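An overview of the molecular structure
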Amino acid sequence: MEAFLARAAVFFSLAFLASCSLNYEQNAAVESQAPEFTLRKASFFRYEDNAISFALDSPRIEQFSSPPVTYVEDADFSSYSSDGDMEAKGRCSLLGIERQGGASTLSLYGTVVMERSDDGMTLEGEAIKWNTGTGRVASPLSSVTTLTRGGLVLEGKGFSAKEKGREFSFDSEVSGFIITDDEGEVSGQ
């Protein structure tokens, strides 16, 4: 009889341990990481003074509140001047948008292509960061970025430039070529 009571006590102890409640604190942390909202097959347009200033198309956009960040999958985007002329366009596999005050930091990943209309400059790479407040565009020191402008094609690591202007730099491993026309001028410029 003692053996039966001992087995019964072990059985009920195991049943009691197995029926313990879940750790709801852990589940709360998982829930806080869920997006605030998700948009599918989304098109976004921003207007300023009744003129389009920015357009974005994506099959999926997720907005998180803490920290305030938006992730955009397979993003196609365009920015426009106050006259409504397209200034720049681009695409990337993943776009992260972090807002700080009035500025945003855009982190572009995957196959990234950004093109400026005014001078025909194109940037291509696997990772590019753009701070809209400072106007700085940069890529990591370990990532190759290709710059094309007219007949100039350069690639290197650690690309950095200002959004507006013609100055740019590479930190290392720079190579490239210039295509000139018959008179020694760089073609396309």
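Up top is the structure these notes are about.
Residues numbered from 1 in each chain as written. Predicted model: local features only at pLDDT ≥ 70, side-chain atom pairs only at ≥ 80, totals over all residues. Heavy atoms only, no water.

**Description of unusual backbone geometry**
- At Asp49, a residue that is not glycine, the phi angle is positive and equals roughly 50°.
- Its place among the elements puts Asp49 in the loop between strand S1 (37-48) and strand S2 (51-64).
- The class of Asp49 is exposed, set by a relative accessible area of 79%. (Helix = DSSP H or I, 4+ residues; strand = E, 2+ residues; numbered from the N terminus. Buried < 20%, exposed > 50% of the residue type's maximum accessible area, 1.4 Å probe, protein only.)

**Considering the nonpolar core**
- In terms of nonpolar packing, the biggest core is built from 25 residues, with Leu56, Phe77, Leu95, Leu108, Met114 and Leu123 touching the most fellow members.
- At the level of elements, S2, strand S3 (69-80), strand S4 (86-100), strand S5 (103-116), strand S6 (122-131) and strand S9 (152-157) are the ones that each hand at least two residues to this core.
- Here this core gets 4 residues from one element, more than from any other, and that element is S5.
- Excluding residues that lie within four positions of it along the chain, Leu123 makes contacts with Val112, Val113, Met114, Ile128, Val137, Thr145, Thr146, Leu147 and Phe159. (Core = buried A, V, L, I, M, F, W, Y, C linked by side-chain atoms within 4.5 Å. Contact = heavy atoms within 4.5 Å.)

**Focus on the environment of Ile128**
- Residue position: Ile128 is located in strand S6.
- As a C-alpha pair, Ile128 and Tyr109 span 19 residues in sequence and 6.7 Å in three-dimensional space.
- If we skip the residues at most four places from it in the chain, Ile128 touches Leu106, Ser107, Leu108, Val112, Met114, Leu123, Val137, Ala138 and Thr145.

**Comments concerning the environment of Leu108**
- Following the sequence through the fold, Leu108 ends up in strand S5.
- On a C-alpha basis, the gap between Leu108 and Cys92 in space is 6.1 Å, while along the polypeptide they are 16 residues apart.
- Ignoring sequence-local partners within four residues, the contact set of Leu108 consists of Phe77, Cys92, Leu94, Leu95, Met114, Glu126, Ala127 and Ile128.

**Side note on the packing of aromatic side chains**
- Under the defined criterion, the tally for this structure stands at 5 aromatic pairs.
- Seen from their ring centres, Phe168 and Phe170 are 6.2 Å apart, and the 80° between their planes marks the pair as edge-to-face.
- What makes Phe170 buried here is its relative accessible area of 16%.
- Three or more aromatic residues joined by ring pairs form one cluster here, namely Phe159, Phe168 and Phe170. (Phe/Tyr/Trp six-rings, centres within 6.5 Å; stacked < 30°, edge-to-face > 60°.)

**Some words on the side chain of Thr70**
- Relative to the assigned elements, Thr70 resides in strand S3.
- Here Gln63 takes part through its side chain, which lies 2.7 Å from a polar atom of the side chain of Thr70.
- Contacts of Thr70, omitting those with residues within four sequence positions, involve Ile61, Glu62, Gln63, Leu95, Gly96, Ile97 and Arg99. (Polar contact = N/O pair within 3.5 Å; in protein donor to acceptor, adjacent residues only side chain to side chain.)

**Observations concerning the pattern of salt bridges**
- Going through the model one piece at a time under the given rule, you end up with 6 salt bridges.
- Between Arg46 and Glu48 there is a salt bridge, and its shortest N-O distance comes to 3.5 Å.
- Of the charged contacts, one joins Arg116 and Asp118 as a salt bridge, the two residues approaching to 3.7 Å between their closest N and O atoms.
- On the basis of relative accessibility, which here comes to 67%, the residue Asp118 falls in the exposed class.
- Put simply, Arg116, Asp118, Asp119 and Arg149 are held in one network by salt bridges that share partners. (Salt bridge = Lys/Arg side-chain N within 4 Å of Asp/Glu carboxyl O.)

**Let's talk about a nonpolar patch on the surface**
- Where nonpolar side chains cluster on the molecular surface, the patch consists of Tyr71, Leu94 and Tyr109 and spans about 270 Å² of accessible area.
- Position of Tyr71 relative to the elements: it lies in strand S3.
- Its relative accessible area of 36% is what places Tyr71 among the partly exposed residues. (Patch = residues over 30% accessible without salt bridge, like charges linked within 9 Å, V, L, I, M, F, W, Y side chains within 5 Å. Areas by Shrake-Rupley, 256 points an atom, 1.4 Å probe, with all protein chains shown as cover.)

**As for the pairing of strand S8 (residues 144-149)**
- Burial along S8 is one-sided: the face carrying Thr145, Leu147 and Arg149 is buried and the face carrying Val144, Thr146 and Thr148 is not.
- One ladder, built from 4 bridges, connects S6 with S8; its direction is antiparallel. Across the sheet, the residue bridging to Gly125 is Thr145, located in S8.
- With 6 bridges connecting them, S8 and S9 associate as antiparallel partners. When the sheet's bridge partners are listed, Thr145 is paired in S9 with Gly156.
- The turn joining S8 and S9, which pair antiparallel and follow one another in sequence, is formed by 2 residues; a positive phi near 60° is taken by Gly150. (Pairing = 2+ DSSP bridges.)

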